[in-house]
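The residues making up each chain are set out below.
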Amino acid sequence: MLSQDGFAQTYELVIKGAHVIDPAHSRNGKMDVAVSQGKIAKVASNISETAAQVINAEGLYLTPGFIDPHTHVFVGTQAGQFANGVNSVSPDDFTFRSGVTTVVDAGTSGWRSFPLFKKQVIDQSKTRILAFLNIAGGGMTGAAHEQNLQDMNVDSAVAVMQQYPDVIAGVKIGHYNGKEWTPFDHALQAAKQAGKPLFVECHLPEYALEDQLAKMRPGDIITHTFENIKERMPIVGENGQVRPFVLAAQKRGVLFDLGHGGAGFWFDQAVPAVKQGFYPNSFGTDLHRFSMNSAMKDMANVMSKFMAMGLSLEQVVEIATWNAAKALNHPELGNLKKGNPADLALFRLREGVFGFMDSAGNSISGSRKLEVEMTVRQGKVVWDLNGLAAKKKAF
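Heads up: these notes are all about the structure in this document. Treat the numbers as computed from the prediction; the structure is a model and nothing was measured. Position labels on residues start from 1 in each chain and follow its written sequence. Per-residue local features of the predicted model are confined to residues with pLDDT of at least 70, and side-chain atom pairs are confined, for both listing and counting, to 80 or more; whole-chain, interface and lining totals are unaffected and use all residues. Working from all heavy atoms in the structure, the side-chain values ignore hydrogens and water.

## Section: the packing of helix α8 (residues 299–308) against helix α9 (residues 313–327)
Item 1. Each axis is a line fitted through C-alpha atoms, taken for helices only over the stretch in contact, and angles between the N-to-C directions span 0 to 180 degrees. Secondary structure elements are taken from DSSP: a helix is a run of H or I of four residues or more, a strand is a run of E of two residues or more, and numbering for both begins at the N terminus. Two elements in contact, α8 and α9, have axes whose closest approach is 9 Å; the angle formed by their N-to-C orientations is 140°. Compared by their axis directions, α8 and α9 come out oblique. Of the two elements, α8 crosses α9, and the hand of that crossing is right-handed. Mapping the contact onto sequence places Met 299, Met 303, Phe 306 and Met 307 in α8 and Leu 313, Val 316, Val 317 and Ala 320 in α9. Our angle categories are set so that under 35 degrees counts as roughly parallel, over 145 as roughly antiparallel, 65 to 115 as roughly perpendicular, and the remainder as oblique. Throughout, a crossing is termed right-handed when the near helix is turned clockwise from the far one, and left-handed when it is turned anticlockwise from it by less than a right angle. Only heavy atoms enter the contact rule, under which two residues are in contact if any of them lie within 4.5 Å.

## Some points on α9
Item 1. Here the expected span of a helix is defined as 1.5 Å times the quantity of residues minus one. Spanning 15 residues, α9 covers 20 Å between terminal C-alpha atoms, matching the ideal 21 Å at 1.5 Å per step.
Item 2. A 1.4 Å probe rolled over the protein chains alone gives each residue an accessible area, and that area as a share of the maximum for its type sets the label: buried under 20%, exposed over 50%, partly exposed in between. Burial within α9 is extensive, with 11 of its 15 residues counted as buried.
Item 3. Within α9, the full set of buried residues consists of Leu 313, Val 316, Val 317, Ile 319, Ala 320, Thr 321, Trp 322, Asn 323, Ala 324, Ala 325 and Ala 327.
Item 4. Downstream of α9 by one or two residues, Asn 329 has phi in the positive range, about 60°.

## Points about the sheet that holds strand β13 (residues 255–256)
Item 1. Strand pairing is assigned whenever DSSP identifies at least 2 bridges connecting the two strands. Judged by pairing direction, the sheet is parallel, and its seven strands sit side by side in the order β6-β8-β9-β10-β11-β12-β13 without closing on themselves. Each edge of the open sheet is held by one strand with a lone partner, namely β6 (66–71) and β13.
Item 2. Sheet topology note: the strand β10 (residues 168–173)/strand β11 (residues 198–200) ladder contains three bridges and is parallel. Its bridge partner lying in β11, Ile 173 is registered against Val 200.
Item 3. Set on the sheet, α9 makes contact with β6, β12 (221–222) and β13; between it and β6 the angle comes to about 55°.

## Focus on the pairing of strand β3 (residues 39–44)
Item 1. Inspection of the sheet shows strand β2 (residues 27–36) paired to β3 by five bridges, in the antiparallel sense. Across the sheet, Ser 36 pairs through a bridge with Lys 39, a residue of β3.
Item 2. The hairpin formed by β2 and β3 contains two residues between the paired strands, and Gln 37 there has a positive phi angle of roughly 55°.

## Some thoughts on the nonpolar core
Item 1. By nonpolar core we mean a set of buried residues, namely Ala, Val, Leu, Ile, Met, Phe, Trp, Tyr and Cys, connected to one another through side-chain atoms within 4.5 Å. Core analysis: the biggest nonpolar cluster contains 80 residues, and Phe 114, Leu 213, Phe 283 and Phe 306 have the highest contact counts within it.
Item 2. With six residues, α8 is the largest single contributor of residues to this core.
Item 3. With residues up to four places along the chain from it excluded, the contact list for Leu 213 reads Ile 222, Phe 245, Val 246, Ala 249, Arg 252, Val 254 and Phe 256.

## Section: the packing of aromatic side chains
Item 1. Between the rings of Phe, Tyr and Trp (Trp by its six-membered ring), a pair exists once the centres lie within 6.5 Å; its type follows the angle of the planes, with under 30 degrees stacked, over 60 edge-to-face, and the other angles tilted. For the structure on display, the rule yields 17 aromatic pairs.
Item 2. Considering the side-chain rings of Phe 66 and Phe 347, the 6.2 Å spacing of their centres and the 45° angle between planes classify their relative orientation as tilted. One end of the pair, Phe 66, is in strand β6; the other, Phe 347, is in strand β14 (residues 344–357), and 281 residues separate them in sequence.
Item 3. For Phe 347, a relative accessible area of 0% corresponds to the buried category.
Item 4. Clustering of aromatic rings is evident, with ring pairs tying together Phe 226, Phe 256, Phe 265, Phe 267, Phe 278, Phe 283 and Phe 306.
Item 5. We count a charge as sitting over a ring when the NZ of a lysine or the CZ of an arginine lies within 6 Å of the ring centre and within 35 degrees of the ring normal. The ring of Trp 181 is capped by Lys 215, whose NZ or CZ atom sits 5.0 Å from the centre of that ring.

## A word on helix α3 (residues 154–163)
Item 1. Taken residue by residue, α3 has Val 154, Ala 157, Val 158, Val 160 and Met 161 as its buried positions. The arc that holds the buried residues of α3, viewed along the axis, is 160°, so those residues lie on one side. Opposite the buried face of α3, at more than 90 degrees from it, the exposed residues are Asp 155, Gln 162 and Gln 163.
Item 2. As used in this structure description, the phrase polar contact means that two N or O atoms lie within 3.5 Å; if the pair is within protein, one of them must be able to donate a hydrogen and the other to accept it, and residues adjacent in sequence are counted only when both atoms belong to side chains. Capping the start of α3, Asn 153 holds a side-chain oxygen 3.1 Å from the backbone nitrogen of Asp 155, two or three residues further along. Note: the arc covers the axis-to-C-beta directions of the helix.

## Thoughts on the environment of Gly 361
Item 1. Secondary-structure assignment places Gly 361 in the loop between β14 and β15 (363–377).
Item 2. We classify Gly 361 as exposed; its relative accessible area is 56%.
Item 3. Here the alpha-carbon distance between Gly 361 and Tyr 207, two residues 154 residues apart in the chain, equals 27 Å.

## Side note on the environment of Glu 318
Item 1. Along the chain, Glu 318 turns up in helix α9.
Item 2. Judged by relative accessible area, which is 30%, Glu 318 ranks as partly exposed.
Item 3. Placed 294 residues apart in sequence, Glu 318 and Ala 24 show a C-alpha to C-alpha distance of 7.9 Å.
Item 4. Excluding residues that lie within four positions of it along the chain, Glu 318 makes contacts with Pro 23 and Asn 323.

## A few points about empty space enclosed by the protein
Remark: the empty space left among the atoms is shown by a probe the size of a water molecule rolled over them.
Item 1. As defined here, a cavity is a set of points on a 1 Å grid over the protein atoms alone where a 1.4 Å probe fits but cannot get out. A pocket is an open set with protein on both sides within 12 Å along at least five of seven lines, and residues line them when an atom is within 4 Å of a point. Grid points are joined across faces, edges and corners, and a volume is the space filled by probe spheres set on the points. Overall, the coordinates contain two cavities of 30 Å³ or more when judged by the stated rule.
Item 2. When its volume is computed, the largest cavity comes out at roughly 50 Å³.
Item 3. Surrounding the largest cavity, Gly 65, Ile 67, Thr 101, Thr 102, Arg 128, Glu 332, Leu 333, Gly 334, Asn 335, Pro 341 and Asp 343 form its lining.
Item 4. Roughly 30 Å³ of internal volume is contained in the second largest cavity.

## Describing the pairing of β15
In summary, the side chains of a regular strand alternate between the two faces of the sheet.
Item 1. Both β14 and β15 contribute to a ladder of 12 bridges, which runs antiparallel. Residue pairing for β15: Phe 356 is matched across the bridge by Ile 364.
Item 2. Once β14 ends, the chain turns through five residues before running back antiparallel as β15, passing Gly 361 with a positive phi of about 85°.
Item 3. Linkage of β15 to strand β16 (residues 380–384), two consecutive antiparallel strands, is achieved through a turn of two residues, within which Gln 378 is found at a positive phi near 50°.

## Points about the pattern of salt bridges
Item 1. For this analysis, a salt bridge means a side-chain nitrogen from Lys or Arg found within 4 Å of a carboxyl oxygen belonging to Asp or Glu. The final tally for this structure, using the stated rule, is 15 salt bridges.
Item 2. Residue Lys 172 is joined to Glu 201 by a salt bridge in which the shortest nitrogen-to-oxygen separation is 2.6 Å. Note that Lys 172 is positioned in strand β10 and Glu 201 in the loop between β11 and α5 (209–215), a separation of 29 residues in sequence. Across this residue pair, the class does not change: Lys 172 and Glu 201 are buried.
Item 3. One salt bridge connects Arg 232 with Glu 227, and the closest N-O pair in it is separated by 3.4 Å.
Item 4. For Glu 227, a relative accessible area of 2% gives the class buried.
Item 5. Residues joined in a network through salt bridges with shared partners are Arg 128, Asp 343 and Arg 377.

None of the figures reported here should be taken as evidence of function without further support.
Below, the structure is given as structure tokens:
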């Protein structure tokens with residue numbers, strides 16, 4: 001590897017002087033990070049070896065790239081649809097500016113439509129895209145199609161997951177209005193056969209929350225944790241306490257994802273839950289064209305919101321990185337181990353007075369807010385807010 005002046009360089013990129021937070025390896029302090037061939041090459045208190053590019057990150061925080069396990073990114077030409085439609089969003093347009101390097105599409109595609117999703121979006125994006133495969137063959141194509149029990153074929157779903165084992169993270173069930181448990185049971189059966197988690201979204205109005213949780217296994221994920229709408233019982237009871245069966249499910253290993261979305265996050269649920277020590281395992285934003293323009297906004301805003309509710313910076317980083325990676329069974333992500341992909345988020349922690357909203361139009365104030373300065377994906381700078389990696393010129 002040669003620099004522009006022709007001299008051999010040890011690394012392609014070294015980021016110096018940032019406060020590194022890497023929960024998977026208990027790193028929390030000022031360190032340098034070196035990148036070579038798109039992978040983490042070294043993390044140390046001082047890296048003195050030569051590099052093709054050196055970035056001074058004094059005063060900034062450096063973490064693994066954030067992971068968003070609940071998005072809708074099967075963007076396409078179908079008006080009014082999520083699957084191959086305009087309600088989904090193009091991931092590269094919104095991920096890197098908020099420090100996100102990996103997203104998981106939450107069931108927008110099913111076993112029939114996944115190949116198109118892969119060709120049309122996954123293979124064309126710089127963002128790493130994984131997927132929860134909808135048990136409905138066409139994915140999120142509207143109410144009529146998502147109620148078709150004949151389209152919820154276990155063998156077909158398993159076959160597609162076996163064809164794309166590194167991309168498909170699990171099976172999703174949601175958006176079913178009937179009383180039959182067939183969709184849920186088929187999704188669970190497919191997940192079991194593939195050895196992957198079940199991802200349970202809301203919009204299952206005839207299924208009691210307690211019954212859903214009772215069917216779920218350790219490692220299965222339920223999202224929209226803090227919603228308070230008619231279609232599902234909220235996790236906080238009338239007495240202001242997190243319901244005992246919710247706590248029991250969490251204790252036996254069921255994972256609770258945020259699933260903020262446009263209507264899925266309410267302070268009257270989140271604030272008392274957090275005060276009682278119950279907070280989400282992952283920060284799925286439920287990114288789509290509506291949520292990003294409402295209270296959710298982006299991953300950095302979500303993380304800041306939870307700091308305003310009392311979580312520490314270290315806690316929100318762990319939730320956004322290592323927790324999500326483990327839930328997805330991708331241990332090569334969400335941490336800074338040597339040889340892992342060099343997916344990095346570099347951000348500033350601003351001090352001031354900031355407002356954060358919920359889905360009901362309520363707001364709270366916080367004194368700290370994450371502002372992403374730079375995002376690195378596989379060793380390449382893909383977002384640079386203030387030109388830290390740019391050539392310095394005087395005109």
